[in-house]
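Single-letter residue listing:
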Amino acid sequence: MDTDTRTTGAGVALTADVALKADVAPKADVALKADVALKAACDHLLGLQAEEGWWKAELQTNVTMDAEDLLLREFLGVRDADDTAEAARWIRSEQRADGSWANFHEGPGDLSTTIEAYAALRLAGDPADAAHMRAAAAFARRHGGIEASRVFTRIWLALFGQWPWTDLPVMPPELVFLPPWFPLNVYDWACWARQTVVPLTIVSARRPVRPLPFDLDELRTGRRPRRRPRLGWEGFFGALDRALHRYERRPVPGLRRAALRRAVEWIVARQEPDGSWGGIQPPWVYSLIALHLSGYDVDHPVMRRGLAGLDRFTIRDERGRRLEACQSPVWDTALAVNALRDADVPGDHPALVRAGQWLLDEEVKGPGDWAVRRPSLPPGGWAFEFDNDGYPDTDDTAEVILALRRVALPGVRPAIDRGLRWMAGMASRDGGFAAFDADNTRELCLRLPFCDFGAVIDPPSADVTAHVVEALAHERPAEYGDVLRRAVVWLLEAQEPDGSWFGRWGANHVYGTGAVLPALVAAGVRPQRPCVRRAVAWLERHQNDDGGWGEDLRSYRDPAWIGRGHSTPSQTAWALIGLLAAGERSAAVERGVAWLVGAQRADGTWDEPYFTGTGFPGDFYINYHLYRLVFPISALGRYLRADASTDGLVEGPTAGAAGSSAGGPTGGSVDALADGSTGGSVGGLAGGSVGNVAGGSVGNAAGGSVDGAAGGFAEGT
């Protein structure tokens, strides 16, 4: 192998010995090609780094972002003709042959997305009798028309007189007065949902109508969905909504004024320095509308910051103008650092040092809404975006910790320790971890008529819990032993009967399984344990004939799609990372690596039109444009380092603690907890769950602590 020195696009010298020599790989021919592919991919990734040290690629979603941006600007009276034309060009380019618009690449047409795109194109001047508009209207009518669209779409239409406010669920602003212990208070909602709901209570109370110069009768069927008699909780909340409609006709004047004032204060207090709310589109646009209805002119500093911030989320290219729903620089940068370190790029490489310093500067040091559930927990951690100091999350925090510990940068230790303390303190009562809040699991919110789109609570998930476990296991397994052991129990109990894990923030079981396996092994669960073997078998069963892995986003609604889909670089990498962590050096691994090598582009990256990120399971999906690069780099790097480390992350003095018995300091080996999988799935229907009804739920209302359940379970097996 040559050892010449090349220069990356970033002007940083990268030598051939940055990647490990092929002679450590199990198959020399595949390893040689993998080594070449890895160096090319690293060069490409290094060339994408910003001068400030961060990485950020496009976060692509669907055309509702662009349609709602035009509708927002129309409502505020600031819509620009040139921007409208460019956005319309992008929206048209995404229309499917059947006239519809989908929520992800090659997905089925979506009724509500199609209606919003159609309305935006009418704003842009597209006539209703144009061929593409006739096709869209026909699709909408076939699928139930405006009458069958989701609540959020009908709210947008109500703003312009295209749907009656009286036929929408009521969300009264008085909600802001409910204390955190009371059901349906705003902190019962997930952070992204509460920031959307509070401004919508103002909109719901004001009920504005600003007519358009056209109507949308061609999207109507004239048939309202039949309402069957409802019982149980559904009937209760239906009756509650009818009562709220009656109250809305005659609210208590003083209380209503106070509620509207409090809601405005709540919104303004949560605007980020970049003008956003939570760094994401839904609360952002509804907050601007709510404040405008509350007397904030578009020239008010809060409104100016908000509109200017949206401009910074705008991408313009040859296909037109489009809006990112969010931006992911912290996440992208941490993933890039870990990928390059997996590829054996030295920790003192200038690009990694710059990235580490930028990540240090992004640490969240103040309180946020998370403190409502954890008031005594000191702040720490990292958020997803450039500016989102009110909402750090455990997922980003875990990934940043894993990255900072691998960079040769003085001064990282205090930030890592603060992040660990905050992250561990965000464990939910059942031992698992959610992204933004602890114990955000009250399901009453899901039963409201208002909630027909998106996840509105933030319960623990396997992928987030796995990332936290991995960070704790590599950093402070003794200090956080109890938290670690409870989280491992949660993961074992969450394993699906087929051996996989559900993926909340990535598609889907491939993502969940690829995240959990490295975490369990890092925490001390031996690869020979049945829970690991069952997961390995699941991954191998779902490998595509071409050697790659893929899982269609329809798997969130249709179990027939679980583990099935076109091979993609990111999902193939997730599967390989899981298999390599489990100690696999099988034909499946070789075929997966060969697929990645064969699919690589000449410039070192990969094409990935398919969406593999998840916003709201079943409703909203993301194509992270950096996933196609960072995860294959990690997979190829770990493949080539297979003889040096089981998971590609254990380094230096941490290796002994994390790789042997992370559970030792807790008073019992974490590895012993995995024994239960010999009798069936831990948490499966047949084998007896750690948290089943008979055995005592992990953190359930009846009692039975996680520790007690875990200890009894391990002892019983």
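Numbering of residues begins from 1 in every chain and follows the order in which that chain's sequence is written. It should be noted that, the model being predicted, local features are given only for residues of pLDDT at least 70 and side-chain atom pairs only at 80 or more, the latter also being counted only at that level, while totals for whole chains, interfaces and linings use all residues. Side-chain numbers come from the whole structure's heavy atoms, not from hydrogens or water.

J.: Run through the overall build of the protein chain, naming residues and quoting values.
T.: A run of H or I in DSSP counts as a helix once it spans at least four residues, and a run of E counts as a strand once it spans at least two, with each numbered from the N terminus. If you tally the helices and strands in the protein chain, you get 25 helices and seven strands. Only protein chains enter the calculation, and the probe is 1.4 Å; a residue is then buried if its accessible area is under 20% of its type maximum, exposed if over 50%, and partly exposed in between. Buried residues in the protein chain amount to 63% of all 717 residues. Contacts between residues were defined by any pair of non-hydrogen atoms, one from each residue, lying within 4.5 Å. Expressed as a percentage of contacts within the protein chain between residues at least 6 apart in sequence, the contacts between residues at least 24 apart total 74%. Surface exposure here means Shrake-Rupley accessible area, sampled with a 1.4 Å probe, where a residue is shielded only by the protein chains that are shown. Split by element, the accessible area of the protein chain, about 25700 Å² in all, is 53% carbon and sulfur.

J.: Explain the side chain of Asp66 residue by residue, including any values.
T.: Among the secondary structure elements, Asp66 is positioned in helix H2 (residues 64–76). Buried charge Asp66 goes without a salt bridge, the closest partner of opposite sign being Arg321 at 5.9 Å. Here Asp66 is in contact with Trp90, Ile91, Arg321, Arg322 and Leu323, once residues within four sequence places are set aside. Positive charges come from Lys and Arg, negative ones from Asp and Glu, while His and the chain ends are left out of the count. Salt bridges are counted wherever a side-chain nitrogen of Lys or Arg sits within 4 Å of a carboxyl oxygen of Asp or Glu.

J.: Got a sec to walk through the packing of aromatic side chains? Specific residues and values, please.
T.: Pairing of aromatic side chains here covers Phe, Tyr and the six-membered ring of Trp, requires ring centres within 6.5 Å, and sorts the geometry by plane angle: under 30 degrees stacked, over 60 edge-to-face, intermediate tilted. Scanning the model with the defined rule gives 22 aromatic pairs in all. When the ring of Phe384 is compared with that of Tyr624, the centres are 6.3 Å apart and the planes differ by 80°; the resulting orientation is edge-to-face. Placement of Phe384 in the loop between helix H13 (350–361) and helix H14 (394–404) and of Tyr624 in strand E7 (residues 620–624) is noted, with a sequence separation of 240 residues between them. For the pair Phe384 and Tyr624, a shared accessibility class is recorded, and that class is buried. For the pair Tyr556 and Tyr621, a centre-to-centre distance of 5.9 Å together with 25° between the ring planes defines the contact as stacked. With a gap of 65 residues between them, Tyr556 in the loop between helix H19 (530–541) and helix H20 (569–581) and Tyr621 in strand E7 connect regions that are remote in the sequence.

J.: An account of the packing of H20 against helix H21 (residues 587–599) is needed here, citing residue identities and associated values.
T.: Throughout, an axis means a line fitted to C-alpha atoms (over the contacting stretch in the case of helices), and angles, computed between N-to-C directions, take values from 0 to 180 degrees. At their nearest, the axes of H20 and H21 sit 10 Å apart, and the two run at 150° to each other. The angle between H20 and H21 places the two elements in the roughly antiparallel class. The hand of the H20/H21 crossing is left-handed. Within the contact between the two elements, H20 uses Pro569, Thr572, Leu576, Leu579 and Leu580 and H21 uses Val589, Gly592, Val593, Trp595 and Leu596. Of the residues belonging to the contact of H20 with H21, the class tally is eight nonpolar, two polar and no charged. Small angles under 35 degrees read as roughly parallel and large ones over 145 as roughly antiparallel, with 65 to 115 read as roughly perpendicular and the rest as oblique. By convention the crossing between two helices is left-handed if the near helix lies anticlockwise of the far one by an angle smaller than a right angle, and right-handed if it lies clockwise. Side-chain classes follow a simple rule in which Ala, Val, Leu, Ile, Met, Phe, Trp, Tyr, Cys and Pro form the nonpolar group, Asp, Glu, Lys and Arg form the charged group, and the remainder, Gly included, forms the polar group.

J.: Lay out the packing of helix H12 (residues 329–342) against helix H22 (residues 627–640) in plain terms, naming residues and giving numbers.
T.: Relative orientation of the contacting elements H12 and H22 amounts to 25°, with a least axis distance of 8 Å. As far as their axial angle goes, H22 and H12 are roughly parallel. By crossing handedness, the relation of H12 to H22 is classed as left-handed. On H22, the residues touching Trp331, Leu335, Ala336, Asn338, Ala339, Leu340 and Asp342 of H12 are Tyr627, Val630, Phe631, Ile633, Ser634, Gly637 and Arg638.

J.: Now, about the sheet that holds strand E3 (residues 59–60): what can you tell me, with residues and values included?
T.: Two strands pair under a simple rule: DSSP has to find at least two bridges between them. If you walk across this open sheet you meet the three strands as E3-E7-E6, and the pairing is antiparallel. Strand pairing shows two members of the sheet lacking a second neighbour, E3 and strand E6 (613–616), which therefore form its edges. Two strands pair when backbone bridges link them, and E3 and E7 are joined in this way by two bridges, in the antiparallel orientation. Residue pairing across strands places Gln60 opposite Asn623, the latter belonging to E7.

J.: I'd love a proper account of the pairing of E6, names of residues and values included.
T.: In the sheet, E6 pairs with E7 via three bridges, with the strands oriented antiparallel. Within E7, the position partnered with Gly613 by the bridge is Ile622. Between the end of E6 and the start of E7, which pair antiparallel, lie three residues, with Gly618 showing a positive phi angle near 90°.

J.: I'd like a description of the environment of Phe620, backed by residues and values.
T.: Secondary-structure assignment places Phe620 in strand E7. C-alpha of Phe620 to C-alpha of Asn62: the two residues are 558 residues apart in sequence and 8.3 Å apart in space. Those residues in contact with Phe620 that sit more than four places away from it in its chain are Thr61, Asn62, Met65, Ala325, Phe453, Thr614 and Gly615.

J.: An account of H21 is needed here, citing residue identities and associated values.
T.: Residue count minus one, scaled by 1.5 Å, sets the expected span of a helix. Between its first and last C-alpha atoms H21 spans 18 Å; for 13 residues at 1.5 Å apiece the expected length is 18 Å, and the two agree. Burial in H21 covers these residues: Ala588, Val589, Glu590, Gly592, Val593, Trp595 and Leu596. On its buried side, H21 packs onto helix H1 (28–47), H19, H20 and H22.

J.: Just give me the short version of H13, but keep the residues and values in it.
T.: An ideal rise of 1.5 Å per residue puts 16 Å on twelve residues; H13 measures up with 17 Å between its terminal C-alpha atoms. Inspection of H13 places Ala351, Leu352, Ala355, Gly356, Trp358, Leu359 and Leu360 among the buried residues, and these make up the whole buried set. Tucked into the core, H13 has its buried residues touching H1, H12, H14 and helix H15 (412–425).

J.: Quick one: what's the story with the nonpolar core, residue by residue and with numbers?
T.: Among buried residues, those of type Ala, Val, Leu, Ile, Met, Phe, Trp, Tyr and Cys that are joined through side-chain atoms within 4.5 Å constitute a nonpolar core. Core analysis: the biggest nonpolar cluster contains 210 residues, and Trp189 and Phe450 have the highest contact counts within it. Filtering out sequence-adjacent residues up to four positions away, Phe450 remains in contact with Val151, Phe152, Ile155, Pro169, Met171, Trp189, Val197 and Leu200. With six residues, the next largest nonpolar core counts Phe104, Ala507, Tyr556 and Phe611 among its residues.

J.: How would you explain the pattern of salt bridges if you had to name every residue and give the values?
T.: Taken as a whole and assessed by the stated rule, the structure comprises 41 salt bridges. The salt bridge partner of Asp311 is Arg73, with a shortest N-O separation of 3.4 Å. Here the residue Asp311 occupies a position in helix H11 (residues 301–312), and Arg73 occupies one in helix H2, the gap between them amounting to 238 residues. Of the residues examined, Asp311 reaches a relative accessible area of 41% and is grouped as partly exposed. Classification of Arg73 as buried rests on a relative accessible area of 8%. For Arg79, the salt bridge goes to Glu74, with nearest N and O atoms at 2.8 Å. Overlapping salt bridges, with partners in common, bring together Asp69, Arg73, Asp83, Asp311, Arg316 and Arg321 in one network.

J.: Explain the confidence of the model for the protein chain to me, and be specific about the residues and the numbers.
T.: When pLDDT is low, close inspection of the predicted coordinates is not appropriate. pLDDT expresses how confident the predictor is about each individual residue, on a scale running from 0 to 100. Taken over all residues, the pLDDT of the protein chain has a mean of 87, while the share at 70 or more is 85%. Overall, residues 643–668 carries pLDDT values under 50, and its contacts beyond four positions in sequence, including any with other chains, amount to 60 contacts. Here residues 677–717 scores under 50 on pLDDT; set against residues more than four positions off or in separate chains, the count is 67 contacts.

J.: Let's hear about the side chain of Asn440: which residues, and what values?
T.: Looking at where Asn440 falls in the secondary structure, it is placed in the loop between H15 and helix H16 (462–475). Side-chain polar atoms of Asn440 contact the backbone oxygen of Tyr187, separated by 3.1 Å. Under the rule applied, a polar contact is a pair of N or O atoms within 3.5 Å (in protein, one hydrogen donor and one hydrogen acceptor; residues adjacent in sequence only if both atoms are side-chain atoms). One polar contact links the side chain of Asn440 to the main-chain carbonyl oxygen of Trp189, over a distance of 3.2 Å.

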